[in-house]
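Report on the structure
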Amino acid sequence: MTIYFYGADEVPYGCFSNFSTHGFDLDECWWPTAEHYFQAQKFAGTRHADVVRRAPDPLRAAELGRDRSRPLRRDWVRVRDDVMRRAVLAKFRAHADIRAVLLGTGDAAIVEDTDTDHYWGRGRTGAGKNMLGRILMRTRAQLRAGAEVDDDARGRPGRRA
Ligand SMILES: Nc1c(N[C@@H]2O[C@H](COP(=O)(O)O)[C@@H](O)[C@H]2O)[nH]c(=O)[nH]c1=O
C-alpha cells in the first residue's frame, strides 16, 4: 500500500506535510512548523535565519527561504537531507497524536504527491526522489525502535525486529 500526502489540511495524512502546524523545540529555539526550521537552516548562523523562524506562516517561511537574493549557506546541498531528518524527527517526537498517525501506517510507502518537486516529492513524472517521504518512513522506523527501547527500560518485554 502507498500513502500519498501533500496539503497540510488533508485528513488524516496532512500532518506529514512540513506545512502542518505542529511546532517543536530544536537547537534551543521554538519552530512553528518543520518548514520554518528547514528554510531557516539555509541561512544558519546569520540574522536572516531568525527572520525566517519568525515568519507568520510556513508559506512565508518558504518564500523567505527561496529568496535567492540572500546567499544560501555553502554546504546546503550536502546538509539539507540531515536538516530535514532532524526537523521531521523533532516534530513527531513532540506530538503524540501525529506520531500515532505515522506509526499507524505500518510498513506502507509514504509519498509526497507533488508535481512540482522532483527532489522532496514524486515530481511530475512520478519518478522523483521522494526524499520527504523516505525521511518520514525512516522516522517511523526510528520512533518504532525507540518505543521498543522504552518498553525494555520499564522492564517489559519489547518487540524485536
Ligand atoms: N508542501 C509544500 C511544499 N513542499 C515543501 O517545500 C520544501 C522544499 O523547499 P525547497 O527545497 O526550498 O524548494 C519541503 O519542505 C517540501 O516538503 N512547497 C510549497 O510551496 N507548498 C507546500 O504546500
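Refer to the structure printed above.
So, here is what we can say about the structure in this document. (Residues numbered from 1 in each chain as written. Predicted model: local features only at pLDDT ≥ 70, side-chain atom pairs only at ≥ 80, totals over all residues. Heavy atoms only, no water.)

Moving on, we get to the pairing of strand S1 (residues 2-5). Every second residue of S1 is oriented toward a common face, the buried set being Ile 3 and Phe 5 and the non-buried set Thr 2 and Tyr 4. Of the strand pairs in this sheet, S1 and strand S4 (residues 109-112) are connected by four bridges, and their pairing is parallel. Within the sheet, the bridge partner assigned to Phe 5 lies in S4 and is Glu 112. (Buried < 20%, exposed > 50% of the residue type's maximum accessible area, 1.4 Å probe, protein only. Helix = DSSP H or I, 4+ residues; strand = E, 2+ residues; numbered from the N terminus. Pairing = 2+ DSSP bridges.)

What follows concerns the environment of Gln 39. Mapping Gln 39 onto the fold places it in helix H1 (residues 34-40). With 26 residues separating them along the chain, Gln 39 and Gly 65 place their C-alpha atoms 4.8 Å apart. One polar contact links Gln 39 to Lys 42, side chain to side chain, over a distance of 2.8 Å. (Polar contact = N/O pair within 3.5 Å; in protein donor to acceptor, adjacent residues only side chain to side chain.)

The environment of the ligand is made up of 13 residues, and the closest members are Asn 18, Glu 35, Lys 42, Arg 66 and Glu 112. Measuring from a nitrogen atom of the ligand, one finds a side-chain N or O atom of Tyr 6 at 3.2 Å. Contact distances for the ligand include 3.0 Å between an oxygen atom and a side-chain N or O atom of Glu 112. In isolation the ligand offers 510 Å² of accessible surface; the protein chains occlude 80% of this area. Broken down by element, the shell around the ligand gets its largest block of residues, three residues, from H1. Tallied by class, the residues present in the shell around the ligand amount to six nonpolar, three polar and four charged. (Near = heavy atom within 4 Å. Areas by Shrake-Rupley, 256 points an atom, 1.4 Å probe, with all protein chains shown as cover. Nonpolar A, V, L, I, M, F, W, Y, C, P; charged D, E, K, R; others polar.)

Any functional reading would require information that these geometric values do not contain.
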